Amino acid sequence: MATETDAQRAVAVTEDSAERVHVPERSAPGADPEIVLREVPAAAAATEEVLVLDFGGQYSQLIARRIRECGVFSELLPHETSLARITERAPKALVLSGGPASVYADGAPDLRTELLDLGIPVLGICYGMQLMARELGGKVEQAPAGEFGRTQLSLRDGGGTLLDGLPAEQQCWMSHRDTVFEPPPGFDALASSPESPVAAFESRDRGLYGIQFHPEVVHTPHGTQVLTRFLRDIAGCRERWTPASVIDEQVDAIRSQVGEGRAICGLSGGVDSATAALLVHRAIGERLTCVFVDHGMMRKDEASQVIEAFRERLGVPLVHVDAADRFLDRLAGVDDPETKRKIIGEEFIRVFEEQAAEVGDAGYLVQGTLYSDVIESGGDGREAATIKSHHNVGGLPDEMEMELVEPLRTLFKDEVRAVAAELDLPDRFVWRQPFPGPGLAIRVVGGEVTRERLEILRSADAILQEEVRAAGLYRELWQSFCVLPVVRSVGVQGDERSYSYPIVIRAVTSDDAMTADWARLPYDLLERASNRIINEVPGVNRVTLDITSKPPGTIEWE
């Protein structure tokens, strides 16, 4: 799978790598047939997997991503996940993540020692290592000084099985105040750092390993080697998780779920829905009908481009529904962002249900939901606050008449692109920047979505896209777009006073949307875009630049 640049990883190192959320599973009371928004078993996506149990660490999601980059499927689960659920998944190994708590503090997450007796290797990282040490009789206390950032690591006696072959002196990334002063009985100390007498340990006989440092971040230069050693040499993983294997497994899973039924796919033209459509089309052929809903909030000329590409070039059955008036009528007078998303999500479903009735006995709805959508909208089962509802996850109505098919639900964006390329999706779709399902509606911020405001935003955004492409930066950016705050500011245009809207330029770099850094766009590009927007778009007299990373902000403004 694709890897991140150092700059992109640095964001994940310094910021929380996932915005953790939780919404309970819900079923539709009185719906026929009943629809349950449930987790798709990851075992259907891989022949081997490693589960990461999350104790609240800021890098927890990054651990799973690094394991995937090593060619092994991995998924993050809450640390309190039941033993039955874990054993049902039959993982090759477990990883215990870091966390913000002290292992000896009241209310701190505990380690169930039965997890250490499953007969599979277990790797504890930071807090996970400290938990293992405390539960098994080691000594964990607060160190005289914390270790945060780059730290010197010194190996002992060759580094044991886990660290064998690595430099005796090396840099690593630490983030802790507590430390292990004595390993549990039967464990060998493998390394130390200035404030960590035991910075790594192992019990080879029991298959238990612990490291105080973070191998998942780029500032641990040998971190990937440590993870690879654990995955390949200790856990016996074959490292064969590839785009081709994802396709084969998901096609089988789709056939098993849909059977002889019919499905419709909500197609936006982006890489997510396009890849989902191609996977389902490969699985069930002509029993899939794609539905492109033009809700009136697309980018300039986008609707015609989607129709032409999918209907004429890719040969996928496509129904075009012009529903702009319908959506805008529902949004009249609405300025709350969550309400916007839920209205749009519900209206999408109603349109799909109507189209399903016309198709005839289509009992399945295909969506390009990604793992990052699930996490932000509250579908991953971890206890934390909802950041925002994605229209195709948290924005779904309580009552639905179709069962969801979400073949990308366990994948990140870069992994979807790798799958899309394997499916021969044209490059212009594979590398198309993400565009939210609610469209420009959530980029009109702080006021009602009107046709006038949409047209202003659509025109400004088209200019920005032209300039970004002309500068050769389109594929280097995760997203670049304009935002229209519903406020007015004073300006001078044509020797007259103007009182018009500002436009905010937002451009970020990222690898999976879980974290993002603001893009350092060239000044000449910003100058051209600003001049053109003010000169060519009526109703705009000011252009600003958003230089906020995620976190603390999100990529979109709503």
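Residues numbered from 1 in each chain as written. Predicted model: local features only at pLDDT ≥ 70, side-chain atom pairs only at ≥ 80, totals over all residues. Heavy atoms only, no water.

How would you sum up the overall build of the chain? Please name residues and give values.
On a plain count of helices and strands, the chain comes out with 15 helices and 20 strands. Out of the 558 residues in the chain, the part that is buried amounts to 61%. Long-range pairs, those at least 24 residues apart, make up 76% of the contacts in the chain between residues at least 6 apart in sequence. Counting only carbon and sulfur atoms, one obtains 47% of the accessible surface of the chain, whose full area is about 21,500 Å². (Helix = DSSP H or I, 4+ residues; strand = E, 2+ residues; numbered from the N terminus. Buried < 20%, exposed > 50% of the residue type's maximum accessible area, 1.4 Å probe, protein only. Contact = heavy atoms within 4.5 Å. Areas by Shrake-Rupley, 256 points an atom, 1.4 Å probe, with all protein chains shown as cover.)

Just give me the short version of a negative patch on the surface, but keep the residues and values in it.
Taken together, the side chains of Asp248, Asp252, Glu422 and Asp424 present a region of like negative charge at the surface. The residue glutamate 422 is located in helix H12 (residues 413-422) in this model. (Patch = residues over 30% accessible without salt bridge, like charges linked within 9 Å, V, L, I, M, F, W, Y side chains within 5 Å. Salt bridge = Lys/Arg side-chain N within 4 Å of Asp/Glu carboxyl O. Lys, Arg positive; Asp, Glu negative; His and termini not counted. Charge placed at Lys NZ, Arg CZ, Asp CG, Glu CD.)

Go over the pattern of salt bridges with me, naming the residues and quoting the values.
Counted by the stated rule, this structure contains 30 salt bridges. Note that aspartate 233 is salt-bridged to arginine 229, the shortest N-O span being 2.8 Å. With aspartate 233 and arginine 229 both in helix H5 (residues 223-234) and 4 residues apart, the pair spans about one turn of that helix. Three or more residues are tied together by salt bridges with common partners; here these are Glu466, Glu467, Asp524, Arg528, Arg532 and Glu536.

If you had to explain the packing of aromatic side chains to someone new, which residues and values would you point to?
Under the criterion given, the structure shown has 5 aromatic pairs. On the basis of an interplanar angle of 65° and a centroid distance of 5.4 Å, the ring pair of phenylalanine 327 and phenylalanine 348 is categorised as edge-to-face. Linking phenylalanine 327 in helix H9 (residues 324-331) with phenylalanine 348 in helix H10 (residues 337-359), this pair joins segments that are 21 residues apart in sequence. We note that phenylalanine 327, like phenylalanine 348, is buried. Cation over ring: lysine 139 sits above phenylalanine 181, and NZ or CZ is 6.0 Å from the ring centre. Sitting over the ring of tryptophan 518, arginine 520 keeps its end group 3.8 Å from the ring centre. (Phe/Tyr/Trp six-rings, centres within 6.5 Å; stacked < 30°, edge-to-face > 60°. Lys NZ or Arg CZ within 6 Å of the ring centre and 35° of its normal.)

Describe in detail the sheet that holds strand S12 (residues 318-322), supporting the description with residues and values.
In space, the 5 strands of this open sheet follow the order S12-S11-S10-S13-S14, with parallel pairing throughout. Every interior strand has two partners, whereas the edge strands, S12 and strand S14 (403-405), have only one. Shown here is a sheet whose adjacent strand axes are inclined to one another by a mean of 30°, direction ignored. Sheet topology note: the strand S10 (residues 262-266)/strand S11 (residues 288-294) ladder contains 4 bridges and is parallel. Counterpart to isoleucine 264 in the pairing with S11 is threonine 289. Against the sheet, helix H7 (residues 271-284) engages S10, S11, strand S13 (362-366) and S14, with an angle of about 160° to S11. Packed on one face of the sheet, helix H8 (residues 302-313) meets S11 and S12 and runs near 165° to S12. (Pairing = 2+ DSSP bridges. Axes fitted to C-alpha atoms, helices over the stretch in contact; angles between N-to-C directions.)

Quick one: what's the story with the side chain of serine 489, residue by residue and with numbers?
Mapped onto the elements, serine 489 comes out in strand S17 (residues 489-493). Engagement of the side chain of serine 489 in a polar contact is seen with the side chain of arginine 542, the distance being 3.0 Å. In contact with serine 489, other than residues within four places in its own chain, are Ser498, Tyr499, Ser500, Asn541 and Arg542. (Polar contact = N/O pair within 3.5 Å; in protein donor to acceptor, adjacent residues only side chain to side chain.)

Summarise the packing of helix H6 (residues 243-258) against H12; cite the residues concerned and give the values.
The angle between the axes and the distance between the axes are what describe a pair of packed helices. One can describe the packing of H6 onto H12 by two numbers: an axis separation of 9 Å at closest approach and a directional angle of 80°. As far as their axial angle goes, H12 and H6 are roughly perpendicular. Contacts from Pro243, Ala244, Val246 and Ile247 in H6 reach Ala418, Val419 and Glu422 in H12. The class makeup of the residues in the contact of H6 with H12 is 6 nonpolar, no polar and 1 charged. (Parallel < 35°, antiparallel > 145°, perpendicular 65-115°, else oblique. Nonpolar A, V, L, I, M, F, W, Y, C, P; charged D, E, K, R; others polar.)

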